[in-house]
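Descriptive structure summary
Residues per chain are reported as follows:
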Amino acid sequence: MATFISVPLKKSSEVDLVKPLSKFINVAYQASDEQGEYIRAVEELNKLRKSAVGRPLDKHESSLEVLLRYYDQLCAVEPKFPFSENQLCLTFTWKDAFDKGSLFGGSVKLGSGAFGHIKDTVLSALNREPTMDISPETMGTLSTIMLAQAQEVIFLKAASDKMKDAVIAKLANQAADFYGDAFKQCQYKDNLPKEVLPVLAAKHCIMQANAELHQSALAKQKKRFGEEIARLQHAAELVKTVASRYDEYVSVKDLSDRINRALTAAKKDNDFIYNDRVPEIKDLEHIGKAALVKASPITTPLSQKFSDLFEKMVPMAVQQAMTIYNQRKSDFVNRLVGTMREATNLCNGVLASLNLPAALEDLSGDSIPQSIAEKARSIVQQGGLQSIEQLIKDLPELLTRNREILDESLKMLDEEETTDNDLRAKFNQRWNRTPSGDLYKPLRAEGANFRSILDKAVQADQVVKERYNTHCEMIALLCKPENELSAAIPSANPTKTLQGSEVVNMLRSQITKLDEIKKERETLEGEVKAVTFDMSVSFLTALARDGAINEEQLSSTQLEQLYGAYNQRVQASLRTQEELLGQVQTSHQEFSNLKQSNAESNQREEVLKKLASAHDSYVEISNNLREGTKFYNDLTEILLKFQNKCSDIVFARKTERDELLKYETAQNSTAGAEQQPPAKPPARPPPPTFTPHAASSTPANAAPASTPPNNPPPMAPPTQAQGPPYPSYQGYPGYYQMPMGYNPYAYGQYNMPYMSYQATPGQAGYPGAPPAGQPYPGYPQHPPQQQPYYPQQ
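Residues numbered from 1 in each chain as written. Predicted model: local features only at pLDDT ≥ 70, side-chain atom pairs only at ≥ 80, totals over all residues. Heavy atoms only, no water.

With that out of the way, let us pick up the overall build of the protein chain. Summing up its helical and strand segments, the protein chain has 20 helices and 2 strands in all. Looking at the protein chain as a whole, 47% of its 793 residues are labelled buried. Accessible surface computed for the protein chain: about 39800 Å², of which carbon and sulfur atoms make up 51%. (Helix = DSSP H or I, 4+ residues; strand = E, 2+ residues; numbered from the N terminus. Buried < 20%, exposed > 50% of the residue type's maximum accessible area, 1.4 Å probe, protein only. Areas by Shrake-Rupley, 256 points an atom, 1.4 Å probe, with all protein chains shown as cover.)

Rendered as structure tokens:
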């Protein structure tokens with residue numbers, strides 16, 4: 001007798017892994033050298049799945065190796081892709097393994113721990129009710145069944161090796177105990193095929209019979225001949241019960257013949273020689289138990305020759321940590337660079353308000369100061385007013401394009417959600433998939449964030465336009481030919497007597513030092529932006545060591561190490577500039593007192609101040625507009641990816657919806673046939689009325705062997721699961737890492753909250769300042785691009 005319960009392989013529909021996974025890789029690893037290697041790995045994974053679940057497998061070790069390798073690869077790839085219903089949307093359709101066919105055939109390939117693993121680990125990952133074959137109840141029962149069968153295998157090996165009868169009896173008794181537990185778990189449940197219950201009942205009796213047989217041999221060795229006969233009689237009754245009730249499932253002829261031969265010989269010897277009293281079975285000594293099996297945990301890899309196709313790809317936890325780290329790094333660099341630019345803008349503004357260095361170059365009183373002439377030529381070379389006006393003209397078109405993409409994306413979600421709500425109202429509880437409203441919450445939050453970003457960008461655009469309108473007239477004057485520019489600047493009395501004076505030399509020296517500081521900052525900015533460091537190694541190490549990543553702590557520590565020295569240099573630059581600006585203001589005051597002051601010279605100086613400020617504003621406005629244009633173009637790409645997310649998940653939901661509708665249609669078409677109740681199968685005969693005793697979990701005190709079994713009407717099942725033998729039973733009727741934030745005003749002197757220049761008390765603001773109450777908000781920062789991605793099905 002070697003009938004074992006095996007679990008058929010679950011069958012699945014074909015799933016294309018290449019398209020969605022490749023799409024994710026193209027997006028998430030677009031700048032990676034390994035992108036091509038990952039794409040090829042996806043193709044290999046798809047082939048592996050087809051080999052494992054896409055075709056019938058032979059009952060051979062090579063087929064098991066294919067399944068184990070596929071399982072190992074799934075375990076390895078799971079943490080590296082964002083698999084979930086609202087991220088990387090892959091729909092796997094698995095059929096109930098127990099829908100058709102028999103459980104029998106072949107040898108047992110899984111140990112008990114596999115079903116425990118499914119129960120404790122796999123089911124928690126499902127976002128809906130599991131099919132009956134992998135429900136927690138079924139998994140628990142199958143685990144116990146496999147444990148019992150493993151114990152039986154050890155018993156068979158021990159018997160084959162002719163080990164001591166005392167050992168074999170304990171092994172068999174333990175196997176009987178396991179089979180009894182398995183029967184109790186599924187006695188009144190319909191989550192397994194009907195063949196399972198009688199096999200478990202038969203196995204329980206058979207294992208107990210074997211335990212009694214080998215214990216009887218031990219009694220014979222100890223010359224306890226009455227005990228030998230009692231145990232053999234009980235074993236004979238057990239196998240007779242199996243033969244009468246479960247003969248269509250298992251055969252016990254060989255075991256029955258062996259027991260009967262031993263019983264006949266024992267009775268003969270006892271009757272003619274020993275005349276030992278045959279005790280009641282309930283009075284016999286316990287048969288011990290020896291459990292040599294346990295549910296082993298599943299540890300990967302299970303395959304002997306497994307190699308991870310995606311070995312170089314880091315887990316999603318590391319990818320997400322890298323995304324946040326890169327955003328922290330971007331913000332850190334932005335703040336540091338912004339601090340330097342703010343200081344430079346402040347320096348330029350202070351000098352422009354003092355008409356420096358133009359005032360030192362304008363001692364003749366009638367020519368264009370050299371610095372003003374250079375500023376005029378610079379503006380002409382950059383395209384003058386026409387360049388700015390074209391950039392301003394392009395912004396509304398870029399804004400409109402982005403809003404249209406966002407609106408269309410959210411409209412797709414709205415339409416699908418409306419359809420889902422209508423069908424849920426129609427089918428009620430039968431429409432048991434996740435509501436679209438719940439599933440789309442992350443996407444709607446992302447869309448709301450994009451809309452907020454666009455609103456802030458519009459505000460930034462308006463501030464840029466207002467500043468342009470303020471300085472437009474003076475910028476236009478700088479664009480005119482040199483003779484027209486000279487004519488537009490008022491003349492003043494000469495102040496040649498100041499040439500070569502100590503105060504003029506002092507001012508020139510101080511301005512030269514400020515220019516050197518600004519050039520040093522440009523170099524320092526380039527160095528700061530060029531700093532690189534691969535944090536993935538640190539994150540991988542932390543994940544392997546701790547099982548989790550404290551991204552904030554690791555990132556903060558590393559950023560301090562990378563940029564701490566640069567931050568100190570920036571602070572030193574700011575302190576030096578502050579000291580020099582204070583000295584410039586003092587020297588300029590002395591210079592102004594020495595100059596002959598009159599209305600003409602004041603008017604000329606005012607115009608020169610405005611021209612210097614107009615140049616600085618032109619440079620800043622041009623940079624703002626170019627950054628704004630780049631911001632909108634980059635945002636267009638991000639919104640197109642967001643639109644793809646929405647399109648992909650809507651497509652997947654429509655596919656799922658169509659499948660559910662087909663199922664509901666099929667259910668409705670067969671509803672008429674189900675109106676008639678199915679005929680009940682005839683009741684099986686009841687077992688003999690054994691009374692359990694201390695020696696065994698099997699009921700004893702059966703009726704005499706010659707008494708034929710009765711066949712009374714079916715009995716109502718008891719309220720609690722009972723141990724076998726059993727009453728008669730009835731028949732048993734599925735973000736890309738964002739680029740650096742494009743904030744045209746992030747480095748403006750009125751936007752940054754860091755280390756602002758403290759002007760000398762009483763000093764008037766310079767003309768380049770923005771209107772009161774209108775700080776430059778700047779183009780908003782993009783959200784992190786490494787968002788959940790929805791490849792198309």
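This part takes up the UniProt feature "coiled-coil region" (unreviewed entry) in the protein chain. Summarizing the sequence annotation, UniProt attributes the feature "coiled-coil region" (unreviewed entry) to residues 507–534 in the numbering used throughout. Annotated as residues 507–534, this span is 86% helix and 0% strand, and its ends, taken at the C-alpha atoms, are 47 Å apart. (UniProt positions renumbered as here; feature names shortened; annotations may be inferred.)

With that settled, consider the environment of Lys50. Here Lys50 is to be found in helix α2 (residues 35–53). Residues Lys50 and Tyr70, spaced 20 residues apart in sequence, show a C-alpha to C-alpha distance of 9.7 Å.

Counted by the stated rule, this structure contains 9 aromatic pairs. Ring geometry for Tyr563 and Tyr566: centres 6.4 Å apart, planes at 50°, overall tilted. Here Tyr566 and Tyr563 lie together in helix α19 (residues 551–594), a separation of 3 residues that amounts to about one turn. Considering the side-chain rings of Phe631 and Tyr632, the 5.3 Å spacing of their centres and the 70° angle between planes classify their relative orientation as edge-to-face. The residues Phe631 and Tyr632 share a single accessibility class, namely buried. Through pairs of rings, three or more aromatic residues link up here, namely Phe24, Phe81 and Phe310. The ring of Phe4 has Lys203 sitting right over it, with the charged end atom 4.7 Å from the ring centre. (Phe/Tyr/Trp six-rings, centres within 6.5 Å; stacked < 30°, edge-to-face > 60°. Lys NZ or Arg CZ within 6 Å of the ring centre and 35° of its normal.)

Another aspect to go through is the packing of helix α7 (residues 196–221) against helix α8 (residues 225–245). It is at 8 Å that the axes of α7 and α8 come closest, and there the two elements cross at 165°. Considered as vectors, α7 and α8 are oriented roughly antiparallel to each other. For the pair α7 and α8, the crossing hand works out as left-handed. Contact with α7, carried on its side by Ala202, Cys205, Ile206, Gln208, Ala209, Glu212, Leu213, Gln215, Ser216, Ala219 and Lys220, involves Phe225, Glu227, Glu228, Arg231, Leu232, His234, Ala235, Leu238, Val239 and Val242 of α8 and no other residues of that element. Here the contact of α7 with α8 is composed, by residue class, of 12 nonpolar, 4 polar and 5 charged. (Axes fitted to C-alpha atoms, helices over the stretch in contact; angles between N-to-C directions. Parallel < 35°, antiparallel > 145°, perpendicular 65-115°, else oblique. Left-handed = near helix turned anticlockwise from the far one by under 90°. Contact = heavy atoms within 4.5 Å. Nonpolar A, V, L, I, M, F, W, Y, C, P; charged D, E, K, R; others polar.)

The subject of this paragraph is helix α13 (residues 384–427). Here α13 spans 67 Å end to end across 44 residues, near enough to the 64 Å set by a 1.5 Å rise per residue. Residue Asn428 follows α13 closely and has a positive phi angle near 55°. (Expected span 1.5 Å × (residues − 1).)

When the pLDDT values of the protein chain are averaged, the result is 75; 72% of them are 70 or greater. Within the protein chain, no element has a lower average pLDDT than strand β1 (residues 691–693), which sits at 36, and none a higher one than α8, at 93. This stretch, residues 95–110, has a pLDDT under 50; its non-local contacts, to residues over four places away or in other chains, come to 43 contacts. Per-residue pLDDT stays below 50 along residues 782–793; that stretch engages in 72 contacts with residues further than four places along the chain or on separate chains. (pLDDT = per-residue confidence, 0-100.)

The next thing to look at is the nonpolar core. Ile372, Leu413, Phe450, Leu611, Leu625 and Tyr632 are the most contacted members of the largest nonpolar core, which has 51 residues in total. Where this core is concerned, the elements lending two or more residues are α12 (370–381), α13, α15 (441–478) and α20 (599–669). With 17 residues, the single largest contributor to this core is α20. Leu625 has contacts with Ile388, Leu391, Ile392, Leu395 and Val464, leaving out every residue within four places of it along the chain. Of all hydrophobic cores here, the second largest spans 50 residues; its members include Ile145, Leu213, Tyr249 and Ala266. (Core = buried A, V, L, I, M, F, W, Y, C linked by side-chain atoms within 4.5 Å.)

On the secondary structure map, Gly349 appears in helix α10 (residues 316–353). Distance in space between the C-alpha atoms of Gly349 and Asp616 is 8.1 Å, their sequence separation being 267 residues.

Counted by the stated rule, this structure contains 35 salt bridges. For Arg231, the salt bridge is made with Glu227, and the minimal N-O distance between the two is 2.9 Å. Of this pair, Arg231 and Glu227 both sit in helix α8, 4 residues apart, which is roughly one turn of that helix. We note that Arg231, like Glu227, is buried. (Salt bridge = Lys/Arg side-chain N within 4 Å of Asp/Glu carboxyl O.)

A word on unusual backbone geometry. At the junction of Leu356 and Pro357, the peptide bond is cis and its omega measures out at 5° in the coordinates. Positive phi outside glycine occurs at Asn428, with the angle close to 55°. Examined against the element boundaries, Asn428 turns out to sit in the loop between α13 and α14 (436–439). Under the relative-accessibility criterion, Asn428 is labelled partly exposed at 46%.

So, on to α2. With 19 residues, α2 ought to run about 27 Å at 1.5 Å a step, and its terminal C-alpha atoms sit 27 Å apart, in line with that. Among all positions in α2, only Tyr38, Ile39, Ala41, Val42, Leu45, Asn46, Leu48, Arg49, Ala52 and Val53 are buried. Of the surrounding elements, those touching the buried residues of α2 are α1 (18–28) and α3 (61–77).

What follows covers a nonpolar patch on the surface. A cluster of nonpolar side chains, namely Phe272, Ile273 and Tyr274, defines an oily patch on the protein surface of about 370 Å² accessible area. Summarising the element assignment, Tyr274 is placed in helix α9 (residues 253–274). (Patch = residues over 30% accessible without salt bridge, like charges linked within 9 Å, V, L, I, M, F, W, Y side chains within 5 Å.)

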